[in-house]
Amino acid sequence: MTDTESALGAIPAEADRERAPSLVDGAMRLELTAADCGLRYWLRAVPQGTLRGQVLGHADDVRPLAVTSEPGPLNDALTQELAFRSIAEEKATRAISYLVALAPDVDSMEFYATQLLDEARHSMVFRSHLTSLGVAEPELWPTVERLAGADREAVLAPLEALGLRVLRDESDFIGGVVVLTILVEGVLAPAAELSERKWRIFDPAAADIERGAAIDEIRHLTVGSSIAREHLLTHPGDKPRILELIERGRELWSSLPATDMIFRRESLFQEGLRKHAELAGDYEIWPGRRLVDTDVEERMTTALGWADAMQRRRLEYMGLVEAL
């Protein structure tokens, strides 16, 4: 045991970069509560376990390959993704500030304070990695706007409006938890799992960044589900309202061009994969399936399957099977 572990306690397995499950497996199987994951947990687990002192989410000597950092379809695909993710995580940070303020108890308040910091860090590291891909520091913010401004307005702005209506205008804590856990993170998280896997060869630094963010998201999804579950067990009269909120959120999602956005980025990745197939070699994106043998449809279908399975598991756990 290291000095740090002796002082703070052993790093929990689900927060350790080497021992943590994948995002999908962790979100499907683990059960964590706000009481489990307060400030003491975060201070012990995240800086030394998940990050291991790597402020930007990867070791200094882990860098993107030249085919990714130089102009081309791989660079286009990854820079668009990072810019969008940076904006999404920034919006999540701002929304979570309402959950901190509305939290009905200290355990929930502490947990959402740690999630706020997690999301702010994610936004920073996604944005910062753009400079490793050739974006000049003075051009960082204009580049983020150019790469993801239209997608922000088309995809993120309507979701943000729903979240702010629930949290800011209605001061609905548990409604905000459900929006974040089921309708935002529960839908977007599997795309992060896919990103970690598909960028491992071409940009191992980006894959490491995604790995750290995914470990955080396991905690966010499982604790959020636990908070909603406990609330509905003690306040069963709120169930129809929450089910109606989920239905409204799903109707909103169905109207958004998120699939078109992901298809565009996956098509760029596919073009780069064809051009540089020799670099991918026999690397398997999942067991028994080589990355070079996949196409846009297969990767998107797989990620959507993960999202559906995760959402079903979370809704069942929260006692909201009617939403299925």
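In this text, all values refer to a predicted model and were calculated from it rather than measured experimentally.

Participant: For this particular structure, what's the right way to read the overall build of the protein chain?
Facilitator: When helices and strands are tallied, the protein chain shows 13 helices and 2 strands. Taken over the C-alpha trace, the protein chain has a radius of gyration of 19 Å; the compact-globule value for 324 residues is 20 Å, and the two agree within 12%. Each of the 324 residues in the protein chain was classed as buried or not, and the buried ones make up 53%. For the protein chain, the proportion of contacts with a sequence separation of at least 24, taken over those separated by at least 6, is 81%. Just so you have it, the protein chain exposes about 13900 Å², and 54% of that area is on carbon and sulfur atoms.

Participant: When you look at the nonpolar core in this model, what are you seeing that I'm missing?
Facilitator: One broad rule of soluble globular proteins: the nonpolar side chains tend to lie buried together. Ranked by internal contacts, the top residues of the largest apolar core, which has 82 residues, are L99, Y112, V177, F202, I227 and F269. In terms of residue count, the dominant contributor to this core is helix α8 (residues 173-198) (11 residues). Residues within four places of F202 in sequence aside, it is in contact with P64, L65, V67, T68, L74, F269, L273, H276, L279, A280 and L291.

Participant: In this structure, what is going on with the environment of D216? I would like to understand it.
Facilitator: Its location among the elements puts D216 in helix α9 (residues 204-234). D216 sits in the buried class, given a relative accessible area of 0%. With 193 residues separating them in the primary sequence, D216 and L23 have C-alpha atoms 8.8 Å apart. The residues touching D216, leaving out its near neighbours within four places in the chain, are V46, T50, D118, R121 and H122. There is a polar contact of 2.7 Å between the side chain of D216 and the side chain of H122.

Participant: I keep staring at helix α6 (residues 106-132) and nothing clicks. Help me out?
Facilitator: The periodicity of an α-helix, 3.6 residues per turn, causes residues three or four places apart in sequence to face the same way. Relative to the 39 Å expected for 27 residues at 1.5 Å per residue, α6 spans 40 Å between its end C-alpha atoms, a close match to the ideal helical length. The N-cap of α6, judged by a side-chain oxygen 3.2 Å from the amide nitrogen of D107 a few residues on, is D105.

Participant: When you look at the pattern of salt bridges in this model, what are you seeing that I'm missing?
Facilitator: As a working rule, side chains carrying opposite charge can pair if their charged atoms are close by. The tally for this structure, following the rule as stated, stands at 27 salt bridges. The shortest N-O distance in the salt bridge between E266 and K198 comes to 2.4 Å. In this pair, E266 sits in helix α11 (residues 258-275) while K198 sits in helix α8, placing the two residues 68 residues apart along the sequence. Where salt bridges share partners, they join D16, E18, R19 and R52 into one cluster.

Quick notes on the rules
Residues numbered from 1 in each chain as written. Predicted model: local features only at pLDDT ≥ 70, side-chain atom pairs only at ≥ 80, totals over all residues. Heavy atoms only, no water. Helix = DSSP H or I, 4+ residues; strand = E, 2+ residues; numbered from the N terminus. Rg over C-alpha atoms; globule rule 2.2 N^0.38 Å. Buried < 20%, exposed > 50% of the residue type's maximum accessible area, 1.4 Å probe, protein only. Contact = heavy atoms within 4.5 Å. Areas by Shrake-Rupley, 256 points an atom, 1.4 Å probe, with all protein chains shown as cover. Core = buried A, V, L, I, M, F, W, Y, C linked by side-chain atoms within 4.5 Å. Polar contact = N/O pair within 3.5 Å; in protein donor to acceptor, adjacent residues only side chain to side chain. Expected span 1.5 Å × (residues − 1). Salt bridge = Lys/Arg side-chain N within 4 Å of Asp/Glu carboxyl O.

Such coordinate-based values are descriptive only and should not be taken to indicate function.
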